[in-house]
Amino acid sequence: MATTNPEQNAGIHFYVLFLLGLLTASTTTWATEVETPEPRELIRAAMEHWRGVTSYSEMTMTIHRSDWERSFSMQAWTEGDKLSLVRVTEPKRDAGNGTLVKDQSMWTFSPKINRILKVPSSMMSQSWMGSDFSNKDISKSTDIIDQYEHRLLKSESLGDHVVYTIESIPHEEAAVVWGKEIVSIRDDFIMLRQEFWDQDDIRVKEMEATEIAIMDDRTIASRMRMQKLETPGEWTEMVVDEIDFDVKMADNLFTLSNLRNPRQ
């Protein structure tokens, strides 16, 4: 595997909040008020389904480009929807890089410079580790729940499940990047697909789940891919190697001190 990466980024954080998938539906039915959950609550339930009360995961991220490819192994911890921590464990030259998200703030740590840096809001839309994810994507912000207006576009029968497609448009005063997002959520709260559209109503990128598995007695999207539409041959893939839900967290886990000097 080639080791050349022209876009290294010291900021390492994981959340892959939305684990989405491209599936072909066989039958389409327009939902009615009687049979369809409220769109906003569907999105909230999908996010809570992934995180649990707390979670610990080990993941592999692969960045694929036309002339190089790199993979990273990572550990990630989450608690609720406002606390998360991620560390890179492999390759050796990147081990120890980490990111802490606490409430609405994000900090990164790089052992090479031995410094903790706060990520300003102006950099949240920038690439994370040279991948197709942005810092905003990785921080798993819950902005989409409260700062967007949600409308159910359709429901589709897919095997034994129903898939709901929801259009989410930000409130006029919301400080968000996208003009709209379109998400597809299965009736067991697995988010299958997410599309990101700009202010000119052009689809810019999409994230989709390519594998679904049962892990720690919970059905989740275990492999997901983010891809920008302007570069169809390039993508970033996240694979969940292991995940445990509702685990006990150390009191000092989500702190700047622990970000610099890991004790868990």
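Note that the structure is a prediction, hence the values are computed from the model and not measured.

Counted residue by residue, strand β6 (residues 105-110) has five buried out of six residues, so it is predominantly covered. For strand β5 (residues 98-102) and β6, the ladder comprises five bridges, and the chain directions are antiparallel. Following the sheet pairing, Val101 is matched in β6 by Met106. The hairpin turn running from β5 into β6, its antiparallel successor, is two residues long, and Asp103 in that turn takes a positive phi close to 55 degrees.

Looking at the element boundaries, Ile145 is found in helix α3 (residues 143-146). On the basis of relative accessible area, Ile145 is assigned to the buried category, the value being 5%. With residues near it in sequence (within four places) discarded, Ile145 still touches Arg40, Ile43, Arg44, Met47 and His150.

With that out of the way, let us pick up the pairing of strand β12 (residues 203-215). Bridge count between strand β11 (residues 191-197) and β12: five bridges; the pairing is antiparallel. Paired with Arg193 across the strands is Glu208, a residue of β12. Relative to strand β13 (residues 218-228), β12 runs antiparallel, the two sharing 10 bridges. Within the sheet, the bridge partner assigned to Lys205 lies in β13 and is Lys228. Taken together, β12 and the strand that follows it, β13, pair antiparallel across an intervening segment of two residues, in which Asp216 is found at a positive phi of about 55 degrees.

Our focus in this paragraph is the side chain of Glu156. Within the secondary structure, Glu156 sits in strand β8 (residues 148-158). For Glu156, a relative accessible area of 15% translates into the label buried. Within the structure, Glu156 has its side chain in polar contact with the side chain of Lys154 (distance 3.3 Å).

With that settled, the discussion passes to helix α1 (residues 39-51). An α-helix turns once per 3.6 residues; consequently, residues spaced three or four apart project the same way. When the terminal C-alpha atoms of α1 are compared, their 19 Å separation across 13 residues agrees well with the 18 Å that a helix rising 1.5 Å per residue should span. Of the residues making up α1, those classed as buried are Pro39, Leu42, Ile43, Ala45, Ala46, Met47, His49, Trp50 and Arg51. The distance from a side-chain oxygen at the start of α1 to the backbone nitrogen of Arg40 is 3.1 Å, and the residue carrying that oxygen is Glu38. Just downstream of α1 lies Gly52, where phi reads positive at about 70 degrees.

Let's shift gears to the nonpolar core. Ranked by internal contacts, the top residues of the largest apolar core, which has 37 residues, are Ile43, Met61, Trp128, Ile185 and Val240. At five residues, the largest contribution of residues to this core is made by α1. Setting aside residues up to four positions removed in sequence, Met61 forms contacts with Arg70, Ser71, Phe72, Met74, Trp128, Met129, Ser131, Thr236, Glu237 and Met238. Within the second largest apolar cluster, 11 residues are counted, among which are Leu83, Leu85, Leu253 and Leu259.

Turning our attention to the pattern of salt bridges. Per the stated rule, a full pass over the model turns up 21 salt bridges. Put simply, Arg40 and Glu41 hold a salt bridge, and the shortest N to O gap is 3.2 Å. Classification of Arg40 as partly exposed rests on a relative accessible area of 27%. Residue Glu41 is classed as partly exposed on the basis of its relative accessible area, which comes to 36%. Salt bridges sharing partners connect three or more residues here, namely Arg193, Glu195, Arg203, Glu206 and Glu208.

To continue, consider the packing of aromatic side chains. Applying the stated rule across the entire model yields three aromatic pairs. The interplanar angle of 75 degrees and the centroid separation of 6.3 Å between the aromatic rings of Trp128 and Phe133 together place this pair among those described as edge-to-face. A relative accessible area of 1% means that Trp128 is categorised as buried. Given the relative accessible area of 2%, Phe133 is considered buried. A ring pair is formed by Trp178 and Phe196, whose centres lie 5.3 Å apart and whose planes are at 50 degrees; its orientation type is tilted. With Trp178 in the loop between β9 (161-170) and β10 (180-186) and Phe196 in strand β11, the pair connects residues that are 18 residues apart, well separated along the chain. With relative accessibility at 16%, the residue Trp178 sits in the buried group. Note that Lys180 overlies the ring of Trp197, its terminal NZ or CZ placed 4.3 Å from the centroid.

Conventions we followed
Residues numbered from 1 in each chain as written. Predicted model: local features only at pLDDT ≥ 70, side-chain atom pairs only at ≥ 80, totals over all residues. Heavy atoms only, no water. Buried < 20%, exposed > 50% of the residue type's maximum accessible area, 1.4 Å probe, protein only. Helix = DSSP H or I, 4+ residues; strand = E, 2+ residues; numbered from the N terminus. Pairing = 2+ DSSP bridges. Contact = heavy atoms within 4.5 Å. Polar contact = N/O pair within 3.5 Å; in protein donor to acceptor, adjacent residues only side chain to side chain. Expected span 1.5 Å × (residues − 1). Core = buried A, V, L, I, M, F, W, Y, C linked by side-chain atoms within 4.5 Å. Salt bridge = Lys/Arg side-chain N within 4 Å of Asp/Glu carboxyl O. Phe/Tyr/Trp six-rings, centres within 6.5 Å; stacked < 30°, edge-to-face > 60°. Lys NZ or Arg CZ within 6 Å of the ring centre and 35° of its normal.

By themselves these figures say nothing about function.
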